[in-house]
Amino acid sequence: EAGVTQSPTHLIKTRGQQATLRCSPISGHTSVYWYQQALGLGLQFLLWYDEGEERNRGNFPPRFSGRQFPNYSSELNVNALELEDSALYLCASSLGQLNQPQHFGDGTRLSIL
Amino acid sequence: GESVGLHLPTLSVQEGDNSIINCAYSNSASDYFIWYKQESGKGPQFIIDIRSNMDKRQGQRVTVLLNKTVKHLSLQIAATQPGDSAVYFCAETSMEYGNKLVFGAGTILRVKS
């Protein structure tokens, strides 16, 4: 069974640009989560999508947004990139119910120059 | 703010010994807990989970203990192997978190051969 896949593996942008990160969940999973892992800050929750709807949002500014497609894959968009957005962005998927294991991909390393 | 296990200790163990990794969580309403292993350059890998109606759960070479009275979680790894070297994170969630995982800072496990 294929795990969670993310693309691209690495992304280099400059300040003010926009970035799009993509995630394909495990087959059968309807929920997709996005987390940011910045150096020294640990893993921080960004967004939760289930059945195409945004279900929960972490404490991040509105320039972090995303969507989930009918095939349950997801995009994370970050607008007006700032230096502090440099981080590993991790996607996880799970069955849609509460309290289900979240399985992670290997992330997209976003570097802002 | 939200926090689970803010410290980032390092645990060094001899190959073949048992390892115990500890985690303190802050929300007494948390009802679902997960342990993850993260190796360099990879995303967190699900190890084992436990719900708040349990005190102990065993997997292959791993055991998770939950003490709700003192809000403490531990991961025991039997017969630790060099391949167990990684950063280990505990994570909690609850109804009020809406499927958001709150992660601890992590513990580095180093296995000496």
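For the structure, check the block above.
The model shown is predicted, which means the values in this text are computed figures rather than measured ones.

Trainee: Would you mind going over the interface of chain B and chain A with me for this structure?
Mentor: One frequently used descriptor of interface size is the decrease in accessible area upon assembly of the parts. Between chain B and chain A, the contact holds 21 residues from the first and 20 residues from the second. Of the roughly 1700 Å² buried between chain B and chain A on both sides combined, carbon and sulfur atoms contribute 54%. It is B:Pro44, B:Asn99 and B:Phe103 in chain B that bury the most area against chain A; as a group they hold 32% of the surface buried on that side. Inspection of the chain B/chain A interface yields zero salt bridges.

Trainee: I'm lost on the pairing of strand β3 (residues 19-24) of chain A in this one. Help?
Mentor: Strand direction decides the pairing type here: strand β1 (residues 5-7) of chain A and β3(A), joined by three bridges, are antiparallel. Its bridge partner lying in β3(A), A:Gln6 is registered against A:Cys23.

Trainee: I tried to follow the side chain of A:Ser74 on my own but got confused; where do I start?
Mentor: All names here are of chain A. Here Ser 74 lies in strand β8 (residues 74-78). Since its relative accessible area comes to 2%, Ser 74 is described here as buried. A distance of 2.9 Å separates a polar side-chain atom of Ser 74 from the backbone oxygen of Arg 67. Those residues in contact with Ser 74 that sit more than four places away from it in its chain are Leu 21, Arg 22, Cys 23, Val 32, Trp 34, Tyr 49, Arg 67, Gln 68 and Phe 69.

Trainee: Would you explain the sheet that holds β3(A) in this entry?
Mentor: Residues and elements named next belong to chain A. In spatial order, the strands read β1-β3-β8-β7; together these four strands make up an open sheet with antiparallel pairing. The open sheet terminates on both sides in strands that have one partner only, identified here as β1 and β7 (64-68). Going across the sheet, the axis of each strand differs from the next one's by a mean of 20°, ignoring polarity. Two elements, β7 and β8, share five bridges in a ladder whose sense is antiparallel. Bridging from a neighbouring strand, Gly 66 pairs with Leu 76 of β8.

Trainee: Explain the state of the cysteines here, please?
Mentor: Any covalent bond linking the sulfur atoms of two cysteines counts as a disulfide. Across all of its chains, the model carries two disulfides over all chains by this definition. Between the sulfur atoms of A:Cys23 and its disulfide partner A:Cys91 the distance amounts to 1.8 Å. Between A:Cys23 and A:Cys91, the S-S torsion sits near -65°, and that sign places the bridge as left-handed. On the criterion of sequence distance, the pair formed by A:Cys23 in strand β3 and A:Cys91 in strand β9 (residues 87-94) is long-range, its members being 68 residues apart. In this structure, A:Cys23 and A:Cys91 share a single accessibility class: buried. There is a disulfide in this structure between B:Cys23 and B:Cys90, and the S-S distance comes to 1.7 Å. Linking B:Cys23 and B:Cys90, the disulfide has an S-S dihedral of approximately 55° and is accordingly described as right-handed. Of the two residues, B:Cys23 is situated in strand β2 (residues 19-24) and B:Cys90 in strand β8 (residues 86-93); the sequence distance between them amounts to 67 residues. Assigned by exposure class, B:Cys23 and B:Cys90 land together as buried.

Trainee: Explain unusual backbone geometry to me, please; I cannot follow it from the model alone.
Mentor: Only a minority of non-glycine residues have a phi that is not negative, and only a minority of peptide bonds are not trans. Residue and element names in this part refer to chain A. A cis amide bond links Ser 7 to the next residue, Pro 8, at an omega of -10°. For Pro 8, the position within the fold is in the loop between β1 and β2 (10-13). Despite not being glycine, Glu 51 has its phi angle at roughly 50°, a positive value. With relative accessibility at 45%, the residue Glu 51 sits in the partly exposed group. A positive phi is found at Tyr 72, a non-glycine position, where the angle reads about 75°. Looking at where Tyr 72 falls in the secondary structure, it is placed in the loop between β7 and β8. The exposure class of Tyr 72 is partly exposed, given its relative accessible area of 26%.

Calculation notes
- Residues numbered from 1 in each chain as written.
- Chains lettered and ligands numbered in written order.
- Predicted model: local features only at pLDDT ≥ 70, side-chain atom pairs only at ≥ 80, totals over all residues.
- Heavy atoms only, no water.
- Contact = heavy atoms within 4.5 Å.
- Buried area = accessible area lost by both parts, 1.4 Å probe.
- Salt bridge = Lys/Arg side-chain N within 4 Å of Asp/Glu carboxyl O.
- Pairing = 2+ DSSP bridges.
- Helix = DSSP H or I, 4+ residues; strand = E, 2+ residues; numbered from the N terminus.
- Buried < 20%, exposed > 50% of the residue type's maximum accessible area, 1.4 Å probe, protein only.
- Polar contact = N/O pair within 3.5 Å; in protein donor to acceptor, adjacent residues only side chain to side chain.
- Axes fitted to C-alpha atoms, helices over the stretch in contact; angles between N-to-C directions.
- Disulfide = S-S within 2.5 Å.

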